[in-house]
Amino acid sequence: MNPAGPVQEQDEAFMRRALDLAAQAAEQGEVPVGALVVAQHQVIGAGWNRPIGTHDPSAHAEVIALRQAALQRHNYRLPGTTLYVTLEPCAMCVGAIIHARVERLVFGAVDPKAGAVCSVYDLIAHPQLNHVVAWTGGVCQSMCADLLRNFFRQRRRPARPDARFDVLPS
């Protein structure tokens, strides 16, 4: 039996749960990103993007999930945990992941504009950092990317089908 098989299935199952959280973000008008912190196959933290609704620039899905997990553990360090997130984390979130001592990161879609794991920056594996986070990208990638793509497509769509932004009303 392929030892990667059960891990891959587990990663996909938790990523689907993170996608459900991302859908909640979209329903609230937030960028659809969801995150889970898992320890010993149990969710100990969950979150979705909420910076708009909370007026908090740090209210990214990863940070909310890490905060919840830390409260549950009564410790800001989270060794032995895996963070699942639907989008490659940004620099702020990578910093939080490293400081929390998350053991493993699993993400869905890459972020070509702000990704700090492998797309724009490679902060997570910087040799001078005092904690190394193992990571896997591309889990349920098409589902994660489609959710984001559809969200932004809807936001760019005019309110009325006949609305045009290049002509002033008469």
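See the structure printed just above.
Worth saying up front: this structure is predicted, and the values here are computed from it rather than measured.

### Section: helix α5 (residues 141-156)
- Under the 1.5 Å per step criterion, the end-to-end length of α5 is 23 Å for 16 residues, consistent within 8% with the ideal 22 Å.
- Taken as a whole, α5 has its buried residues at Cys144, Ala145, Leu148 and Phe151. Along the axis of α5, the buried positions cluster into a sector of 130°, meaning they face one direction only.

### Remarks on the environment of Ala96
- When you line up the elements, Ala96 lands in helix α4 (residues 91-99).
- When the C-alpha atoms of Ala96 and Arg67 are compared, they prove to be 9.7 Å apart, with 29 residues separating the residues in sequence.

### Observations regarding the pattern of salt bridges
- Scanning the entire structure with this criterion turns up 3 salt bridges.
- With a shortest N-O distance of 2.6 Å, Asp11 and Arg104 are connected by a salt bridge. Of this pair, Asp11 sits in helix α1 (residues 4-27) while Arg104 sits in strand β4 (residues 104-109), and the two are 93 residues apart along the sequence.
- What makes Arg104 buried here is its relative accessible area of 18%.
- When the shortest N-O distance is used, the salt bridge between Arg67 and Asp56 registers 3.9 Å. With Arg67 in helix α3 (residues 61-73) and Asp56 in the loop between α2 (51-54) and α3, the pair connects residues that are 11 residues apart, well separated along the chain.

About the thresholds
Starting from 1, residues in each chain are numbered consecutively following that chain's sequence as written. Predicted model: local features are reported for residues with pLDDT of at least 70 only, side-chain atom pairs are reported and counted for 80 or more only, and whole-chain, interface and lining totals are derived from all residues. In computing side-chain values, all of the structure's heavy atoms are included and hydrogens and water are not. Strands here are runs of E lasting at least two residues and helices are runs of H or I lasting at least four, both read from the DSSP assignment and numbered beginning at the N terminus. A helix's residues, less one, multiplied by 1.5 Å, set its expected span. Accessibility here uses a 1.4 Å probe with only protein chains present; expressed as a share of the type maximum, an area under 20% marks a residue as buried, one over 50% as exposed, and anything in between as partly exposed. Note: the arc covers the axis-to-C-beta directions of the helix. Any Lys or Arg side-chain nitrogen found within 4 Å of a carboxyl oxygen on Asp or Glu counts as a salt bridge.

Function cannot be inferred from these measures alone, as they are strictly geometric.
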